[in-house]
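For reference, the chains in residue letters:
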Amino acid sequence: MKQKIAHIALVVKDYDEAIAFYTKKLDFILLEDTILSEEKRWVLVAPPGAKESCLLLAKAANEEQRKSIGNQAGGRVFLFLFTDDFWRDYNKMVDRNIKFLRPPKEEEYGTVAVFEDLYGNQWDLLGPSKINKGLLSK
């Protein structure tokens, strides 16, 4: 049996501002933007080279969903962005005014720094150590 997680839904306030953030600030690729109704679109973005999964940007449709914007993991790191060159991507993100909550730190599993997206969801930017480099290709 083979299974995979294809999409992770990320609740957003506005499709276009979310697309702009992910494609212009993080260099994600817009994979699909299909209008489903007047209020709903099917929007998929992914980091360059992503093979297994991508983000489904889902516009909040009611007050309950709006409460989750920026806090999908209850204040914990929610998503993990692996990179093949930590310092290249970290410096580019700093230049693009991405807010880092924790500075880069060397851990046994790699170099990591915590940043937040446009709504406040926390992400790890992670450059795996030589031991864990294979995680990028899986």
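Residues numbered from 1 in each chain as written. Predicted model: local features only at pLDDT ≥ 70, side-chain atom pairs only at ≥ 80, totals over all residues. Heavy atoms only, no water.

- As named in an unreviewed UniProt entry, the protein chain is VOC family protein, taken from Ulvibacterium marinum.

## What to know about the environment of Ile-8
Phase 1: Considering the arrangement of structural elements, one finds Ile-8 in strand E1 (residues 7-12).
Phase 2: Its relative accessible area of 30% is what places Ile-8 among the partly exposed residues.
Phase 3: Counting along the chain gives 72 residues from Ile-8 to Phe-80, while the straight-line C-alpha distance between them is 12 Å.
Phase 4: With residues near it in sequence (within four places) discarded, Ile-8 still touches Cys-54, Leu-55, Leu-56, Phe-78 and Leu-79. (Helix = DSSP H or I, 4+ residues; strand = E, 2+ residues; numbered from the N terminus. Buried < 20%, exposed > 50% of the residue type's maximum accessible area, 1.4 Å probe, protein only. Contact = heavy atoms within 4.5 Å.)

## Side note on the nonpolar core
Note on soluble globular proteins: their nonpolar side chains tend to be buried together.
Phase 1: Tyr-22, Leu-55, Leu-57 and Phe-115 are the most contacted members of the largest nonpolar core, which totals 28 residues.
Phase 2: Put simply, the parts of the chain that give this core at least two residues each are E1, helix H1 (15-25), strand E3 (41-46), strand E4 (54-59), strand E5 (77-82), helix H3 (86-95), strand E7 (110-116) and strand E8 (122-128).
Phase 3: Take this core: its biggest share by element is 5 residues, from H1.
Phase 4: Counting only domains with at least three residues in this core, you end up with domain 1 (1-69) and domain 2 (70-137).
Phase 5: Apart from residues no more than four positions distant in its own chain, Leu-55 is found in contact with Ile-8, Leu-10, Tyr-22, Phe-28, Val-43, Leu-44, Val-45, Leu-79 and Trp-123. (Core = buried A, V, L, I, M, F, W, Y, C linked by side-chain atoms within 4.5 Å. Domains from an automatic or database assignment.)

## What to know about the pairing of strand E2 (residues 29-35)
Phase 1: The pairing of E2 with E3 spans 6 bridges and is classified as antiparallel. Across the sheet, Glu-32 pairs through a bridge with Leu-44, a residue of E3.
Phase 2: Between the antiparallel neighbours E2 and E3 lie 5 residues. (Pairing = 2+ DSSP bridges.)

## Regarding the packing of aromatic side chains
Phase 1: By the definition in use, this model includes 10 aromatic pairs.
Phase 2: Pairing Tyr-22 with Trp-123 gives two aromatic rings, centres 6.1 Å apart and planes at 40 degrees, and the pair type is tilted. Taken together, the residues span a long stretch of sequence, with Tyr-22 in helix H1 and Trp-123 in strand E8 at a distance of 101 residues. Comparing Tyr-22 with Trp-123, the two get one shared label, buried.
Phase 3: Taken together, a centroid distance of 5.7 Å and an interplanar angle of 10 degrees make the contact between Phe-86 and Tyr-90 stacked. You can see Phe-86 and its partner Tyr-90 sitting in helix H3, 4 residues apart, about one turn around the helix. Residues Phe-86 and Tyr-90 agree in their burial class; the two are buried.
Phase 4: Through pairs of rings, three or more aromatic residues link up here, namely Phe-21, Tyr-22, Phe-28, Phe-86, Trp-87, Tyr-90, Phe-100, Phe-115 and Trp-123. (Phe/Tyr/Trp six-rings, centres within 6.5 Å; stacked < 30°, edge-to-face > 60°.)

## Digging into the sheet that holds E7
Phase 1: Here 4 strands make up an open sheet; going across it, the order is E5-E8-E7-E6 and the pairing mixed. The open sheet has two edge strands with one neighbour each: E5 and strand E6 (100-107). Across the sheet, the mean angle separating the axes of adjacent strands is 20 degrees when strand polarity is ignored.
Phase 2: As paired elements, E5 and E8 share 5 bridges and run parallel to each other. Residue pairing across strands places Phe-82 opposite Leu-126, the latter belonging to E8. (Axes fitted to C-alpha atoms, helices over the stretch in contact; angles between N-to-C directions.)

## Digging into the sheet that holds E3
Phase 1: Across the sheet, 4 strands lie side by side as E1-E4-E3-E2; this open sheet has mixed pairing. Bordering the open sheet on either side are E1 and E2, each of which pairs with just one other strand. On average, adjacent strands in this sheet sit at an angle of 25 degrees to one another, irrespective of strand direction.
Phase 2: Relative to E4, E1 is paired through 6 bridges, and the arrangement is parallel.

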